[in-house]
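Chains, contacts and geometry: an overview
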Amino acid sequence: MINFHHDILPLKDRLFRLALRITLNPAEAEDVVQETMMKVWSRRNNWDAIDNIETFCLTICRNLALDKTRHMGNHTLSLDLETEPTDQSHHSNPEEQTMQRDRIRLVRRLIDQLPEKQRSCMQLRDIEGKSYKEIADIMGISEEQVKVNIFRARQTIREQFKKADS
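Notes on the structure follow. Since the structure is predicted, the reported quantities are computational estimates derived from the model, not experimental observations.

Points about the overall build of the protein chain
Helix and strand content of the protein chain: 8 helices and 0 strands. Starting at the N terminus and walking to the C terminus, you meet the elements of the protein chain as α-α-α-α-α-α-α-α. Looking at the protein chain as a whole, 40% of its 166 residues qualify as buried. Nonlocal contacts in the protein chain, meaning residues at least 24 apart in sequence, comprise 66% of its contacts between residues at least 6 apart. A total accessible area of about 10,000 Å² is found for the protein chain, and carbon and sulfur atoms account for 49% of it.

In structure tokens, the structure reads:
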């Protein structure tokens, strides 16, 4: 038996990260998560027929985020608005920490520039830890297409990072 408070509400952060990766706008991502929660709630009578509630929620979130992005005409912000992680180890000097933050910003910008499918596949695989099958279900594509999108995204980021870092 699916319970909204125990099974769906805890997905809020994952939904936000996915929506943010697609919309590139924190305010829009929050709206998408709220709309997702309302849609999932409105379908509560059908929850027992759903095999995987997390996949169901992520699919709704992705579709809403894509709709919002199309509606906005892609006038979005960069994800650089997120707080930058810093290396707090005692072995790093301020110069190394600054270089690490710059590399992280660069990678985020490169990810922001990827096509939406590649960006979403990377988000779901590398950040959310989803399996290829789960990603395929969420995105409505084959597992092979998921692998191709992730490969191309990583390859593009690697190449662009090398260009920018030299």
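Focus on the nonpolar core
Proteins that are soluble and globular tend to have nonpolar side chains buried together. With 34 residues, the main nonpolar core has I8, L15, W47 and I53 as its most contacted residues. Where this core is concerned, the elements lending two or more residues are helix 1 (4–8), helix 2 (12–23), helix 3 (26–42), helix 4 (53–72), helix 6 (116–127), helix 7 (132–139) and helix 8 (143–165). The leading source of residues in this core is helix 4, at 9 residues. Excluding its chain neighbours within four sequence positions, the residues that come into contact with W47 are I2, F4, I8, V40, W41 and I53.

Things to note about the side chain of R62
For R62, the location among the structural elements is in helix 4. Relative accessible area serves as the criterion here: at 5%, R62 is assigned to the buried category. Once residues within four sequence positions are removed from consideration, R62 is found in contact with L18, I22, E116, K117, S120, I138 and M139.

Side note on helix 8
Over its 23 residues, helix 8 extends 32 Å from the first C-alpha to the last, a length consistent with the 33 Å expected when each residue adds 1.5 Å. Within helix 8 the residues assigned to the buried category are V146, N149, I150, A153 and I157. Packing partners of the buried residues in helix 8 comprise helix 5 (94–112), helix 6 and helix 7.

Digging into the packing of aromatic side chains
Here the structure, examined in full by the defined rule, presents 3 aromatic pairs. Here the aromatic rings of F4 and W41 are separated by 5.3 Å at their centres, their planes lie at 80°, and the arrangement is edge-to-face. One end of the pair, F4, is in helix 1; the other, W41, is in helix 3, and 37 residues separate them in sequence. Judged by relative accessible area, W41 falls into the partly exposed class, the value being 41%. A ring pair is formed by F4 and W47, whose centres lie 6.3 Å apart and whose planes are at 10°; its orientation type is stacked. Of this pair, F4 sits in helix 1 while W47 sits in the loop between helix 3 and helix 4, and the two are 43 residues apart along the sequence. Taking the relative accessible area as the measure of exposure, F4 reaches 16% and is therefore buried. Through a chain of ring-to-ring contacts, the aromatic side chains of F4, W41 and W47 assemble into a single cluster. A cation over an aromatic ring shows up here: R125 above the ring of Y132, its NZ or CZ 4.1 Å from the ring centre.

Rules of the game
- Residues numbered from 1 in each chain as written.
- Predicted model: local features only at pLDDT ≥ 70, side-chain atom pairs only at ≥ 80, totals over all residues.
- Heavy atoms only, no water.
- Helix = DSSP H or I, 4+ residues; strand = E, 2+ residues; numbered from the N terminus.
- Buried < 20%, exposed > 50% of the residue type's maximum accessible area, 1.4 Å probe, protein only.
- Contact = heavy atoms within 4.5 Å.
- Areas by Shrake-Rupley, 256 points an atom, 1.4 Å probe, with all protein chains shown as cover.
- Core = buried A, V, L, I, M, F, W, Y, C linked by side-chain atoms within 4.5 Å.
- Expected span 1.5 Å × (residues − 1).
- Phe/Tyr/Trp six-rings, centres within 6.5 Å; stacked < 30°, edge-to-face > 60°.
- Lys NZ or Arg CZ within 6 Å of the ring centre and 35° of its normal.

Purely geometric numbers; function is a separate question.
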